[in-house]
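# A closer look at the structure
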Amino acid sequence: LVPLRGNQLLPAISKRGDMIAFISDASGRADLFVQLFSKTHGLMGKPIQAFSYPKSVQASPTFRPDGKKIAFVSDRNGTPRIYIIDTPYPGKETTPNPFCITKKYRQNTCPSWSPDGTKLAYSAMIDGTRQIMVYDFLTKEEIQLTSGGYHKENPSWAPNSLHLIYNTVDPSSSELFIVNLKQKEMMQITTGPGKKHYPAW
């Protein structure tokens, strides 16, 4: 689909289906790209390099529902944190200045923008264990949703922007859980052998 050399990874499509964000190592490092797309004509123009930073790795892009901004992971300052940039368009391709929204904890990964555009879920390392966090764009707060043992990763929003599904990470078994933003109670929805990962609502 994308005419770039090297590897293309971690694709995300905009809600309107007119843009694809992805990571490519075509330049020798993992950079963020955006490709315009038409449902009738396919690819529109060449991929746009949305963000690159020397000796750093970009990962896991996710579009705001209106497509005007992208959240992604970057270790440009030494540890993975989540940044926000304006979505580049043809003619507006200058490297944007990203805004870091995760300052409370380190090792922030797996961002997921809520369908109503007001929140961003992600995973953060807290006291040695990865927990599910939510950044509220209205209050500018970083809110911890989960606690307890076992790492928790890969949050995905329900259409109502109130529930999240995620997976635990455990050496013996990984399961899927749902959490409600109001009650913050975790409900396990899978059991049995095998590891369950990367849920998508």
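All of these numbers come straight from a predicted model, not from anything done at the bench. (Residues numbered from 1 in each chain as written. Predicted model: local features only at pLDDT ≥ 70, side-chain atom pairs only at ≥ 80, totals over all residues. Heavy atoms only, no water.)

Across its full length, the chain holds zero helices and 16 strands. Each principal axis of the C-alpha atoms in the chain carries an extent, and together these give about 45 × 40 × 35 Å. Counting the 201 residues in the chain, one finds 51% classified as buried. Contacts spanning at least 24 positions in sequence make up 34% of the contacts within the chain whose residues lie at least 6 apart. In the form shown here, the chain has an accessible surface area of approximately 10400 Å², with 54% of it arising from carbon and sulfur atoms. Of the charged side chains in the chain, 24 are positive and 16 negative, and the gap between their average positions amounts to 4 Å. (Helix = DSSP H or I, 4+ residues; strand = E, 2+ residues; numbered from the N terminus. Buried < 20%, exposed > 50% of the residue type's maximum accessible area, 1.4 Å probe, protein only. Contact = heavy atoms within 4.5 Å. Areas by Shrake-Rupley, 256 points an atom, 1.4 Å probe, with all protein chains shown as cover. Lys, Arg positive; Asp, Glu negative; His and termini not counted. Charge placed at Lys NZ, Arg CZ, Asp CG, Glu CD.)

This brings us to the packing of aromatic side chains. A full pass over the atoms with the stated rule returns seven aromatic pairs. An aromatic cluster is defined as three or more aromatic residues linked by ring pairs; in this entry it consists of Phe 51, Tyr 53, Phe 72 and Tyr 83. A cation over a ring is seen here: Arg 76 above Tyr 53, with NZ or CZ 4.5 Å from the ring centre. (Phe/Tyr/Trp six-rings, centres within 6.5 Å; stacked < 30°, edge-to-face > 60°. Lys NZ or Arg CZ within 6 Å of the ring centre and 35° of its normal.)

The subject of this paragraph is the sheet that holds strand 4 (residues 42-51). Within a sheet, adjacent strands bond to each other through the backbone by hydrogen bonds, running parallel or antiparallel. Pairing within the open sheet is antiparallel, and its four strands lie in the order 1-2-3-4. Across the chains shown, the open sheet's two edge strands, defined by having one partner strand only, are strand 1 (8-13) and strand 4. Here the average twist between neighbouring strands, direction ignored, is 25°. One ladder, built from six bridges, connects strand 3 (residues 31-38) with strand 4; its direction is antiparallel. (Pairing = 2+ DSSP bridges. Axes fitted to C-alpha atoms, helices over the stretch in contact; angles between N-to-C directions.)

This paragraph deals with the confidence of the model for the chain. Across the chain, the average pLDDT comes to 92, with 97% of residues at 70 or higher. Mean pLDDT across the elements of the chain bottoms out in strand 4 (89) and peaks in strand 10 (residues 119-126) (97). (pLDDT = per-residue confidence, 0-100.)

Here we come to the nonpolar core. Core analysis: the biggest nonpolar cluster contains 15 residues, and Ala 21, Leu 32, Val 34, Ile 70, Phe 72 and Ile 85 have the highest contact counts within it. Elements supplying a minimum of two residues to this core: strand 2 (19-24), strand 3, strand 4, strand 6 (69-74) and strand 7 (81-86). (Core = buried A, V, L, I, M, F, W, Y, C linked by side-chain atoms within 4.5 Å.)

Turning our eyes to something else, we now look at the sheet that holds strand 9 (residues 106-113). Reading across the sheet, the four strands line up as 9-10-11-12 and stay open at both edges, with antiparallel pairing between neighbours. Strands at the two margins of the open sheet, each flanked by one partner only, are strand 9 and strand 12 (141-144). Adjacent strand axes in the sheet meet at a mean angle of 30°, parallel and antiparallel pairs treated alike. For strand 10 and strand 11 (residues 129-136), the ladder comprises eight bridges, and the chain directions are antiparallel. Looking across to strand 11, one finds that Ser 123 is bridged to Ile 132.

Next up on the list: the pattern of salt bridges. With the rule as written, the count across this model stands at six salt bridges. When the shortest N-O distance is used, the salt bridge between Asp 86 and Lys 69 registers 2.4 Å. Placement of Asp 86 in strand 7 and of Lys 69 in strand 6 is noted, with a sequence separation of 17 residues between them. Judged by relative accessible area, which is 37%, Asp 86 ranks as partly exposed. (Salt bridge = Lys/Arg side-chain N within 4 Å of Asp/Glu carboxyl O.)

The next thing to look at is the side chain of Asp 170. Tracing the backbone shows Asp 170 in the loop between strand 14 (163-169) and strand 15 (176-180). We note that Asp 170 is buried and unpaired, the nearest opposite charge coming from Lys 195 at a distance of 7.7 Å. Ignoring anything within four residues of it in the chain, the contact list for Asp 170 reads Tyr 150 and Lys 195.

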